[in-house]
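Spelled out from the first residue to the last, the chains are:
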Amino acid sequence: MAEPAKIAVSNQKGGVGKTAVAINAAGALNARGRDVLFVDLDPQGNATENLGLREAYDSEPPSLFDILSDSEQRDRIGELVRDHEEMSVIPSNIDMTAVEPELTLSRRSGEQLAMALEHIEDEYDYVIIDCPPFLGNLMDNALFAAQNVLIPALAEDTSKRAFELLFDHVDALTRDYEISIDECGVVINRIDVRKTQANEMIDWIRNAFDDTPVWEVRERAAIQRALSNGASIFVEEPDCDQIEVFEAMAANLDEQFDLQEVTA
């Protein structure tokens, strides 16, 4: 099987609904017949909890911390994979809160996740990596491993600075590692069309990313309800009107990565 498409879902600004976008993008890809591996790289473990795997966050070693901080345990990454009805999941773990300084001491600090994924990634069509909401070694690992980024953002002025910080970080990483990191798209999330600023910011983002796909996700209680129930809207809220947005996103990603349509 060919190497999977790998995507880091990233914005170092918190509160943008990054995990909701990551889980529903994965759910949309699954609905198209794709085999998806979801990696929760956020020490807070929100995605792990939102996928109904709360107990995994407190599980005994080996955990993702061990895989990233101890090269001798790297090949045990397959032991971490948990089954979910929509995707395979590598959960976060409470020990991940201590991984940043460990990675700083690593000889190849930004490459640990990529080297670990080599042991299992060929089993999947997509690897979706939910990034932490801060810039640092974990973000470096996600961006280096994926070399593709999907950016959730809010329709508010603070997003401009968040984009600037993210792209400064990406530029530095591409220079340091001599790689290229591509933008798969921008997801304008939690849109409230009643706010004038929201509409102005949507226009700004579309102009700023005129060569990049931009998707608009409206604020919906159904999206949070689905996460609270441990799955994407495709399983828990199939009548949600935002499913069409994520379907379009998944179809576009298949096209970007040249994945042929799955036939029944």
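The structure this text deals with has already been given above.
In this text, all values refer to a predicted model and were calculated from it rather than measured experimentally.

1. Considering the packing of helix H1 (residues 18–31) against helix H12 (residues 243–256)
Two elements in contact, H1 and H12, have axes whose closest approach is 8 Å; the angle formed by their N-to-C orientations is 70°. With respect to H12, the axis of H1 lies roughly perpendicular. Viewed along their axes, H1 and H12 form a crossing whose handedness is right-handed. In contact with Val21, Asn24, Ala25, Ala28 and Leu29 of H1, H12 contributes Phe246, Glu247, Met249, Ala250 and Asp254. The residue makeup of the contact of H1 with H12, split by class, is seven nonpolar, one polar and two charged.

2. Comments concerning the packing of aromatic side chains
Applying the stated criterion across every chain, the model contains six aromatic pairs. Ring geometry for Tyr126 versus Phe257: centroids 6.0 Å apart, planes at 90°, classification edge-to-face. Separated by 131 residues along the polypeptide, Tyr126 in strand E5 (residues 126–130) and Phe257 in the segment after H12 bring together distant segments of the chain. By relative accessible area, which is 0% here, Tyr126 ends up buried. An aromatic cluster is built from Phe163, Phe167, Trp204 and Phe209, whose rings are joined through pairwise contacts.

3. What to know about the environment of Leu138
Looking at the element boundaries, Leu138 is found in helix H7 (residues 137–146). A residue is classified by how much of its surface remains accessible, and Leu138, at 0% relative accessible area, is buried. Sequence-wise, Leu138 and Asn148 are 10 residues apart; in three dimensions their C-alpha atoms are separated by 15 Å. With residues near it in sequence (within four places) discarded, Leu138 still touches Leu41, Pro43, Leu68, Met96, Val99, Glu100, Leu103 and Pro132.

4. Description of unusual backbone geometry
Where the residue is not glycine, phi is negative for most of them; where a peptide bond is considered, it is trans in most cases. Across the junction of Pro61 and Pro62, the peptide omega takes the value 0°, indicating a cis bond. On the secondary structure map, Pro62 appears in the loop between helix H3 (54–57) and helix H4 (64–69). Notably, Glu178 is not glycine yet its phi reads approximately 55°, a positive angle. Checked against the element boundaries, Glu178 lands in the loop between helix H8 (158–177) and strand E7 (182–191). Taking the relative accessible area as the measure of exposure, Glu178 reaches 74% and is therefore exposed. One non-glycine residue, Asp258, lies in positive phi territory at about 55°. Following the sequence through the fold, Asp258 ends up in the segment after H12.

5. Considerations on H8
Here H8 spans 29 Å end to end across 20 residues, near enough to the 28 Å set by a 1.5 Å rise per residue. For H8, the full list of buried residues reads Ser159, Ala162, Phe163, Leu166, Phe167, His169, Val170, Leu173 and Thr174. One side of H8 holds all its buried residues, which, seen down the axis, span an arc of 160°. Structural note: H8 exposes Arg175 and Asp176 on the side pointing more than 90 degrees away from its buried face. Those residues of H8 hidden inside the fold are in contact with H7, strand E6 (148–154), E7 and helix H9 (196–208). One or two positions beyond H8, positive phi appears at Glu178, with a value near 55°.

So, how was this worked out
- Residues numbered from 1 in each chain as written.
- Predicted model: local features only at pLDDT ≥ 70, side-chain atom pairs only at ≥ 80, totals over all residues.
- Heavy atoms only, no water.
- Axes fitted to C-alpha atoms, helices over the stretch in contact; angles between N-to-C directions.
- Helix = DSSP H or I, 4+ residues; strand = E, 2+ residues; numbered from the N terminus.
- Parallel < 35°, antiparallel > 145°, perpendicular 65-115°, else oblique.
- Left-handed = near helix turned anticlockwise from the far one by under 90°.
- Contact = heavy atoms within 4.5 Å.
- Nonpolar A, V, L, I, M, F, W, Y, C, P; charged D, E, K, R; others polar.
- Phe/Tyr/Trp six-rings, centres within 6.5 Å; stacked < 30°, edge-to-face > 60°.
- Buried < 20%, exposed > 50% of the residue type's maximum accessible area, 1.4 Å probe, protein only.
- Expected span 1.5 Å × (residues − 1).
- Arc of directions from axis to C-beta.

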